[in-house]
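What follows is each chain in one-letter form.
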Amino acid sequence: MAMLLLGQLVACRKDNIAPPIDRTLVPRTITQFVENNYDLTLLHAALKKANLLDTLQLPNVGTFFAPDAAAFNAHGIWSEKDLEAMNADSLREVLRGYIIPQRMFISQFPVQMGNVYTTRSGTTMYISVSASGNGAGPDNRNLVINGGVVLDGSKRNISLGNGVVHMLKKMMNVHSGTVQDYLASNPELSIFTAAMKRFNYWEGLKNNNPITVFAPNNAAFEKLNITEQQINNINPAAFKEQLFAIYHFNMAPKRIFTSEGWLIEGTVYADGGVKYGNYSLTPNYGWSAYWGEDSGIELYEWQGVRYGSVVGGNGSTVYKGSNTIDADHVTSNGVVHVIEDLFLFPEAMRK
(Lines give C-alpha, C1' and ligand atoms only; values in the text may rest on other atoms or scores of the structure.)
Protein backbone atom coordinates (compact mmCIF):
# COMPACT_ATOMS: atom_id res chain seq x y z
CA MET A 1 0.00 0.00 0.00
CA ALA A 2 2.76 2.36 1.02
CA MET A 3 4.64 1.47 -2.10
CA LEU A 4 1.56 2.15 -4.19
CA LEU A 5 0.99 5.51 -2.53
CA LEU A 6 4.64 6.46 -3.07
CA GLY A 7 4.31 5.44 -6.68
CA GLN A 8 1.22 7.61 -7.04
CA LEU A 9 3.01 10.58 -5.48
CA VAL A 10 6.01 10.15 -7.72
CA ALA A 11 3.79 9.84 -10.76
CA CYS A 12 1.85 12.93 -9.75
CA ARG A 13 5.05 14.95 -9.21
CA LYS A 14 6.45 13.79 -12.55
CA ASP A 15 3.32 14.88 -14.40
CA ASN A 16 3.60 18.43 -12.95
CA ILE A 17 7.20 19.00 -14.07
CA ALA A 18 7.39 21.68 -16.84
CA PRO A 19 9.10 20.59 -20.06
CA PRO A 20 12.61 21.96 -20.65
CA ILE A 21 12.78 25.43 -22.29
CA ASP A 22 13.89 25.39 -25.91
CA ARG A 23 16.69 27.98 -25.70
CA THR A 24 16.84 28.30 -29.48
CA LEU A 25 13.41 29.99 -29.39
CA VAL A 26 14.30 32.50 -26.66
CA PRO A 27 15.51 35.86 -28.11
CA ARG A 28 19.04 36.73 -27.06
CA THR A 29 19.68 39.89 -25.08
CA ILE A 30 22.33 42.46 -25.99
CA THR A 31 24.54 41.09 -23.23
CA GLN A 32 24.29 37.55 -24.59
CA PHE A 33 25.11 38.75 -28.09
CA VAL A 34 28.22 40.63 -26.89
CA GLU A 35 29.35 37.67 -24.78
CA ASN A 36 29.27 35.35 -27.78
CA ASN A 37 30.81 37.58 -30.45
CA TYR A 38 34.57 37.29 -30.96
CA ASP A 39 34.82 40.80 -32.45
CA LEU A 40 33.33 42.22 -29.24
CA THR A 41 35.63 40.55 -26.71
CA LEU A 42 37.17 43.86 -25.60
CA LEU A 43 33.77 45.53 -25.47
CA HIS A 44 32.55 42.72 -23.22
CA ALA A 45 35.52 43.27 -20.90
CA ALA A 46 34.82 47.00 -20.82
CA LEU A 47 31.12 46.45 -20.06
CA LYS A 48 32.05 44.02 -17.31
CA LYS A 49 34.40 46.51 -15.67
CA ALA A 50 31.77 49.24 -15.98
CA ASN A 51 29.09 47.00 -14.42
CA LEU A 52 26.84 47.38 -17.46
CA LEU A 53 26.30 43.74 -18.43
CA ASP A 54 23.23 43.45 -16.19
CA THR A 55 21.83 46.68 -17.62
CA LEU A 56 22.08 45.31 -21.15
CA GLN A 57 20.03 42.31 -20.03
CA LEU A 58 17.06 44.49 -19.11
CA PRO A 59 14.00 44.92 -21.36
CA ASN A 60 13.82 47.78 -23.88
CA VAL A 61 17.46 48.89 -23.81
CA GLY A 62 17.09 50.56 -27.21
CA THR A 63 19.89 50.76 -29.79
CA PHE A 64 23.50 49.96 -28.92
CA PHE A 65 26.32 51.08 -31.22
CA ALA A 66 29.00 48.54 -30.36
CA PRO A 67 32.69 49.33 -31.09
CA ASP A 68 34.51 46.28 -32.41
CA ALA A 69 37.96 45.07 -31.34
CA ALA A 70 39.74 47.15 -33.99
CA ALA A 71 38.12 50.29 -32.59
CA PHE A 72 39.55 49.51 -29.13
CA ASN A 73 42.94 48.57 -30.62
CA ALA A 74 43.20 51.98 -32.29
CA HIS A 75 43.10 53.52 -28.81
CA GLY A 76 45.82 51.22 -27.49
CA ILE A 77 43.45 48.72 -25.84
CA TRP A 78 44.47 45.19 -26.81
CA SER A 79 43.48 43.12 -23.79
CA GLU A 80 41.41 43.20 -20.61
CA LYS A 81 44.57 44.20 -18.75
CA ASP A 82 44.67 47.48 -20.67
CA LEU A 83 41.30 48.40 -19.11
CA GLU A 84 42.47 47.91 -15.52
CA ALA A 85 43.71 51.46 -15.01
CA MET A 86 40.42 53.00 -16.14
CA ASN A 87 37.93 54.39 -13.64
CA ALA A 88 34.87 52.13 -13.67
CA ASP A 89 32.36 54.97 -13.15
CA SER A 90 33.85 57.08 -15.93
CA LEU A 91 33.96 54.07 -18.25
CA ARG A 92 30.31 53.37 -17.44
CA GLU A 93 29.25 56.85 -18.55
CA VAL A 94 31.33 56.60 -21.71
CA LEU A 95 29.72 53.30 -22.69
CA ARG A 96 26.22 54.53 -21.85
CA GLY A 97 26.96 57.17 -24.47
CA TYR A 98 26.80 54.43 -27.13
CA ILE A 99 23.15 53.68 -26.33
CA ILE A 100 20.05 55.56 -27.45
CA PRO A 101 16.69 54.56 -25.94
CA GLN A 102 14.95 54.23 -29.32
CA ARG A 103 14.98 50.84 -31.04
CA MET A 104 16.25 51.85 -34.49
CA PHE A 105 17.15 49.92 -37.63
CA ILE A 106 19.27 51.60 -40.33
CA SER A 107 16.25 52.21 -42.57
CA GLN A 108 14.53 54.17 -39.79
CA PHE A 109 17.13 56.93 -39.50
CA PRO A 110 16.27 59.98 -41.64
CA VAL A 111 18.49 60.49 -44.69
CA GLN A 112 20.20 63.74 -43.73
CA MET A 113 23.21 65.17 -41.93
CA GLY A 114 23.37 65.45 -38.16
CA ASN A 115 20.27 63.72 -36.83
CA VAL A 116 20.33 64.47 -33.10
CA TYR A 117 19.71 61.84 -30.42
CA THR A 118 20.19 61.89 -26.65
CA THR A 119 22.09 58.89 -25.28
CA ARG A 120 21.53 56.96 -22.07
CA SER A 121 24.34 59.02 -20.49
CA GLY A 122 22.67 62.31 -21.45
CA THR A 123 25.22 63.20 -24.14
CA THR A 124 24.27 64.19 -27.68
CA MET A 125 24.84 61.79 -30.56
CA TYR A 126 24.97 63.04 -34.16
CA ILE A 127 23.92 60.49 -36.77
CA SER A 128 24.37 61.23 -40.48
CA VAL A 129 22.82 59.02 -43.15
CA SER A 130 23.30 58.97 -46.93
CA ALA A 131 20.85 57.76 -49.53
CA SER A 132 23.51 55.41 -50.95
CA GLY A 133 25.41 52.52 -49.45
CA ASN A 134 27.14 49.20 -49.98
CA GLY A 135 24.19 47.35 -51.43
CA ALA A 136 20.62 48.03 -52.46
CA GLY A 137 17.87 48.94 -50.05
CA PRO A 138 17.49 51.36 -47.12
CA ASP A 139 19.12 49.02 -44.61
CA ASN A 140 22.41 49.25 -46.56
CA ARG A 141 22.67 53.04 -46.36
CA ASN A 142 25.93 54.58 -45.18
CA LEU A 143 25.50 55.65 -41.58
CA VAL A 144 27.98 57.49 -39.37
CA ILE A 145 27.86 58.13 -35.62
CA ASN A 146 29.84 61.19 -34.44
CA GLY A 147 32.20 60.58 -37.37
CA GLY A 148 32.46 56.81 -36.86
CA VAL A 149 31.25 54.42 -39.58
CA VAL A 150 28.65 51.74 -38.88
CA LEU A 151 29.91 48.47 -40.35
CA ASP A 152 28.18 46.65 -43.20
CA GLY A 153 26.42 43.35 -43.77
CA SER A 154 25.82 41.10 -40.77
CA LYS A 155 27.37 43.67 -38.41
CA ARG A 156 24.36 45.98 -38.54
CA ASN A 157 20.62 45.63 -37.86
CA ILE A 158 21.19 42.86 -35.30
CA SER A 159 17.73 42.40 -33.81
CA LEU A 160 17.75 41.09 -30.24
CA GLY A 161 15.17 40.49 -27.55
CA ASN A 162 15.76 43.83 -25.81
CA GLY A 163 17.18 46.05 -28.53
CA VAL A 164 19.14 46.46 -31.74
CA VAL A 165 22.94 46.38 -32.20
CA HIS A 166 24.99 48.08 -34.91
CA MET A 167 28.75 47.53 -34.80
CA LEU A 168 31.13 50.50 -35.11
CA LYS A 169 34.65 50.64 -36.55
CA LYS A 170 35.66 53.67 -34.49
CA MET A 171 35.35 54.80 -30.89
CA MET A 172 33.59 58.09 -30.22
CA ASN A 173 35.43 61.06 -28.68
CA VAL A 174 32.94 62.95 -26.50
CA HIS A 175 33.92 65.71 -24.06
CA SER A 176 31.77 67.58 -21.54
CA GLY A 177 33.34 71.03 -21.98
CA THR A 178 33.48 73.52 -24.84
CA VAL A 179 35.88 73.67 -27.77
CA GLN A 180 37.87 76.16 -25.73
CA ASP A 181 38.02 73.75 -22.79
CA TYR A 182 39.23 70.93 -25.02
CA LEU A 183 42.04 73.01 -26.53
CA ALA A 184 43.12 74.35 -23.14
CA SER A 185 43.30 70.84 -21.66
CA ASN A 186 45.43 69.36 -24.44
CA PRO A 187 49.17 70.15 -24.04
CA GLU A 188 49.81 69.02 -27.64
CA LEU A 189 47.77 72.02 -28.80
CA SER A 190 49.43 74.74 -26.71
CA ILE A 191 50.92 76.65 -29.69
CA PHE A 192 47.60 76.67 -31.54
CA THR A 193 45.91 77.79 -28.31
CA ALA A 194 48.39 80.66 -28.06
CA ALA A 195 47.56 81.64 -31.65
CA MET A 196 43.83 81.63 -30.95
CA LYS A 197 44.39 83.94 -28.00
CA ARG A 198 46.80 86.23 -29.82
CA PHE A 199 44.47 86.65 -32.82
CA ASN A 200 41.41 87.25 -30.59
CA TYR A 201 39.52 84.08 -31.43
CA TRP A 202 39.72 82.54 -27.97
CA GLU A 203 36.38 83.67 -26.54
CA GLY A 204 34.56 82.65 -29.71
CA LEU A 205 35.75 79.08 -29.12
CA LYS A 206 33.71 79.11 -25.92
CA ASN A 207 30.67 81.15 -26.94
CA ASN A 208 29.99 80.21 -30.57
CA ASN A 209 27.72 77.21 -31.20
CA PRO A 210 28.15 75.17 -33.30
CA ILE A 211 31.76 75.53 -34.41
CA THR A 212 34.27 73.27 -36.14
CA VAL A 213 38.00 73.61 -35.52
CA PHE A 214 40.91 71.96 -37.32
CA ALA A 215 43.67 72.31 -34.72
CA PRO A 216 47.31 71.78 -35.78
CA ASN A 217 49.29 70.09 -33.04
CA ASN A 218 52.58 71.48 -31.71
CA ALA A 219 54.58 69.26 -34.07
CA ALA A 220 52.95 71.00 -37.05
CA PHE A 221 54.31 74.36 -35.88
CA GLU A 222 57.67 72.97 -34.79
CA LYS A 223 58.31 71.59 -38.28
CA LEU A 224 58.45 75.24 -39.37
CA ASN A 225 60.44 76.28 -36.27
CA ILE A 226 57.46 78.22 -34.89
CA THR A 227 57.41 78.35 -31.09
CA GLU A 228 54.78 79.44 -28.62
CA GLN A 229 56.95 82.42 -27.68
CA GLN A 230 57.06 83.52 -31.32
CA ILE A 231 53.28 83.32 -31.53
CA ASN A 232 52.94 85.44 -28.38
CA ASN A 233 55.23 88.08 -29.90
CA ILE A 234 53.55 88.17 -33.31
CA ASN A 235 51.74 91.27 -34.55
CA PRO A 236 48.32 90.11 -35.84
CA ALA A 237 47.86 93.29 -37.86
CA ALA A 238 50.85 92.34 -40.03
CA PHE A 239 49.14 89.20 -41.34
CA LYS A 240 46.07 88.46 -43.40
CA GLU A 241 43.02 87.38 -41.44
CA GLN A 242 42.96 83.98 -43.15
CA LEU A 243 46.20 82.89 -41.47
CA PHE A 244 44.34 81.54 -38.43
CA ALA A 245 40.68 82.17 -39.34
CA ILE A 246 40.87 79.31 -41.86
CA TYR A 247 41.09 76.75 -39.05
CA HIS A 248 37.56 77.54 -37.86
CA PHE A 249 36.03 79.06 -41.03
CA ASN A 250 36.06 82.45 -39.33
CA MET A 251 33.72 81.13 -36.62
CA ALA A 252 31.03 80.11 -39.12
CA PRO A 253 28.22 78.04 -37.53
CA LYS A 254 29.20 74.55 -38.71
CA ARG A 255 29.50 71.11 -37.14
CA ILE A 256 31.54 69.04 -39.60
CA PHE A 257 32.69 65.46 -39.06
CA THR A 258 35.44 63.79 -41.06
CA SER A 259 33.02 61.53 -42.90
CA GLU A 260 30.34 63.97 -43.97
CA GLY A 261 31.68 64.87 -47.39
CA TRP A 262 31.93 61.16 -48.10
CA LEU A 263 28.33 60.59 -47.05
CA ILE A 264 26.15 63.17 -48.73
CA GLU A 265 27.83 64.79 -51.68
CA GLY A 266 26.70 68.35 -52.22
CA THR A 267 24.89 68.84 -48.89
CA VAL A 268 27.84 70.30 -47.01
CA TYR A 269 30.58 70.32 -49.61
CA ALA A 270 28.67 71.82 -52.55
CA ASP A 271 30.90 73.19 -55.32
CA GLY A 272 34.16 71.89 -53.94
CA GLY A 273 34.12 72.07 -50.17
CA VAL A 274 33.43 74.12 -47.07
CA LYS A 275 33.91 77.74 -48.07
CA TYR A 276 35.75 80.52 -46.31
CA GLY A 277 36.35 83.50 -48.56
CA ASN A 278 38.29 82.29 -51.59
CA TYR A 279 39.23 79.05 -49.84
CA SER A 280 37.64 75.64 -50.07
CA LEU A 281 38.42 73.02 -47.43
CA THR A 282 37.28 69.40 -47.73
CA PRO A 283 37.91 66.66 -45.17
CA ASN A 284 38.29 63.42 -47.13
CA TYR A 285 37.30 60.09 -45.69
CA GLY A 286 37.18 56.83 -47.59
CA TRP A 287 36.54 53.43 -46.11
CA SER A 288 35.84 49.90 -47.25
CA ALA A 289 36.11 46.55 -45.53
CA TYR A 290 38.86 45.60 -47.97
CA TRP A 291 41.03 48.73 -48.12
CA GLY A 292 40.55 50.15 -44.64
CA GLU A 293 40.47 53.92 -44.29
CA ASP A 294 42.27 56.75 -46.00
CA SER A 295 41.78 60.19 -44.52
CA GLY A 296 43.08 63.61 -45.36
CA ILE A 297 42.19 67.27 -45.88
CA GLU A 298 42.34 69.21 -49.12
CA LEU A 299 42.63 72.99 -49.07
CA TYR A 300 42.39 75.02 -52.27
CA GLU A 301 42.21 78.69 -53.17
CA TRP A 302 39.99 80.14 -55.89
CA GLN A 303 42.19 81.40 -58.69
CA GLY A 304 39.84 83.20 -61.03
CA VAL A 305 38.32 80.33 -62.98
CA ARG A 306 39.30 77.30 -60.92
CA TYR A 307 40.56 76.11 -57.56
CA GLY A 308 44.30 75.63 -57.27
CA SER A 309 46.63 74.40 -54.54
CA VAL A 310 47.30 77.00 -51.87
CA VAL A 311 50.54 78.93 -52.37
CA GLY A 312 52.72 78.64 -49.30
CA GLY A 313 50.50 76.04 -47.71
CA ASN A 314 49.48 72.43 -48.07
CA GLY A 315 47.20 71.33 -50.87
CA SER A 316 46.78 68.06 -49.00
CA THR A 317 47.08 67.67 -45.24
CA VAL A 318 46.65 64.53 -43.16
CA TYR A 319 45.03 64.06 -39.79
CA LYS A 320 47.20 63.18 -36.85
CA GLY A 321 48.58 59.70 -37.35
CA SER A 322 47.49 59.70 -41.01
CA ASN A 323 43.96 58.74 -40.01
CA THR A 324 41.05 60.12 -38.04
CA ILE A 325 41.84 58.58 -34.66
CA ASP A 326 42.38 62.05 -33.15
CA ALA A 327 39.58 63.73 -35.08
CA ASP A 328 35.86 64.13 -34.36
CA HIS A 329 36.25 65.31 -30.77
CA VAL A 330 32.69 66.27 -29.87
CA THR A 331 32.29 69.08 -27.34
CA SER A 332 29.26 70.91 -25.99
CA ASN A 333 29.51 73.57 -28.71
CA GLY A 334 31.21 71.89 -31.65
CA VAL A 335 33.83 69.48 -32.89
CA VAL A 336 37.65 69.53 -32.95
CA HIS A 337 39.92 67.70 -35.40
CA VAL A 338 43.62 67.45 -34.52
CA ILE A 339 45.83 67.72 -37.62
CA GLU A 340 49.58 67.51 -38.16
CA ASP A 341 50.26 70.21 -40.77
CA LEU A 342 49.50 73.89 -41.14
CA PHE A 343 47.07 75.00 -43.84
CA LEU A 344 48.70 78.39 -44.47
CA PHE A 345 52.32 79.31 -43.79
CA PRO A 346 52.86 82.61 -41.95
CA GLU A 347 55.50 83.93 -44.32
CA ALA A 348 53.07 83.58 -47.23
CA MET A 349 50.28 85.43 -45.42
CA ARG A 350 52.01 88.72 -44.61
CA LYS A 351 50.16 91.83 -45.75
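On a predicted model such as this, the values are computed, not experimentally measured, just so you know.

Rules used in this analysis
Residues numbered from 1 in each chain as written. Predicted model: local features only at pLDDT ≥ 70, side-chain atom pairs only at ≥ 80, totals over all residues. Heavy atoms only, no water. Helix = DSSP H or I, 4+ residues; strand = E, 2+ residues; numbered from the N terminus. Buried < 20%, exposed > 50% of the residue type's maximum accessible area, 1.4 Å probe, protein only. Contact = heavy atoms within 4.5 Å. Phe/Tyr/Trp six-rings, centres within 6.5 Å; stacked < 30°, edge-to-face > 60°. Pairing = 2+ DSSP bridges. Core = buried A, V, L, I, M, F, W, Y, C linked by side-chain atoms within 4.5 Å. Polar contact = N/O pair within 3.5 Å; in protein donor to acceptor, adjacent residues only side chain to side chain.

Q: Give a detailed account of the overall build of the protein chain, specifying residues and quantitative values.
A: Along the backbone of the protein chain there are 12 helices and 17 strands. Evaluated residue by residue, the protein chain yields a buried proportion of 47% over its 351 residues. Long-range pairs, those at least 24 residues apart, make up 66% of the contacts in the protein chain between residues at least 6 apart in sequence.

Q: Run through the packing of aromatic side chains, naming residues and quoting values.
A: Tallied over the full model, the rule gives 10 aromatic pairs. Judged by centre distance (5.8 Å) and plane angle (80 degrees), the rings of phenylalanine 192 and tyrosine 247 are edge-to-face. In this pair, phenylalanine 192 is assigned in helix 7 (residues 190-198) and tyrosine 247 in the loop between helix 11 (242-245) and helix 12 (260-263), connecting sequence segments 55 residues apart. Classification of phenylalanine 192 as buried rests on a relative accessible area of 0%.

Q: Describe the sheet that holds strand 17 (residues 334-339), listing the residues and the values that go with them.
A: Strand pairing in a sheet takes place through backbone hydrogen bonds and is either antiparallel or parallel in direction. With mixed pairing, the 4 strands of this open sheet are ordered in space as 9-16-17-10. Looking at which strands have only one partner, the edges of the open sheet turn out to be strand 9 (173-174) and strand 10 (211-216). Relative to strand 17, strand 10 runs parallel, the two being bridged by 6 bridges. Looking at strand 17, one finds that threonine 212 is bridged to valine 335.

Q: Go over the nonpolar core, please, and point to the residues and values.
A: If you look at the biggest cluster of nonpolar residues, it comprises 48 residues, and the most contacted ones within it are Leu183, Leu205, Phe244 and Phe343. Counting residues per element, this core draws most heavily on helix 7, at 5 residues. Formed by 44 residues, the second largest nonpolar core is a distinct cluster that contains Phe33, Leu40, Met104 and Ile127.

Q: Describe the side chain of asparagine 186, listing the residues and the values that go with them.
A: By the element assignment, asparagine 186 lies in the loop between helix 6 (179-185) and helix 7. Under the relative-accessibility criterion, asparagine 186 is labelled buried at 14%. Separated by 3.0 Å, the side chain of asparagine 186 and the backbone nitrogen of glutamate 188 make a polar contact.

Q: Please give an account of the pairing of strand 17 that cites residues and values.
A: Within strand 17, 6 of the 6 residues are buried, which leaves it mostly tucked inside the rest of the structure. Every second residue of strand 17 is oriented toward a common face, with Gly334, Val336 and Val338 on one face and Val335, His337 and Ile339 on the other, all of them buried. Here strand 16 (residues 329-331) pairs with strand 17 via 3 bridges, running antiparallel. Of the residues in strand 17, the one forming a bridge with threonine 331 is glycine 334. Adjacent in sequence and paired antiparallel, strand 16 and strand 17 are bridged by 2 residues.

That's the geometry; what it means functionally is another story.
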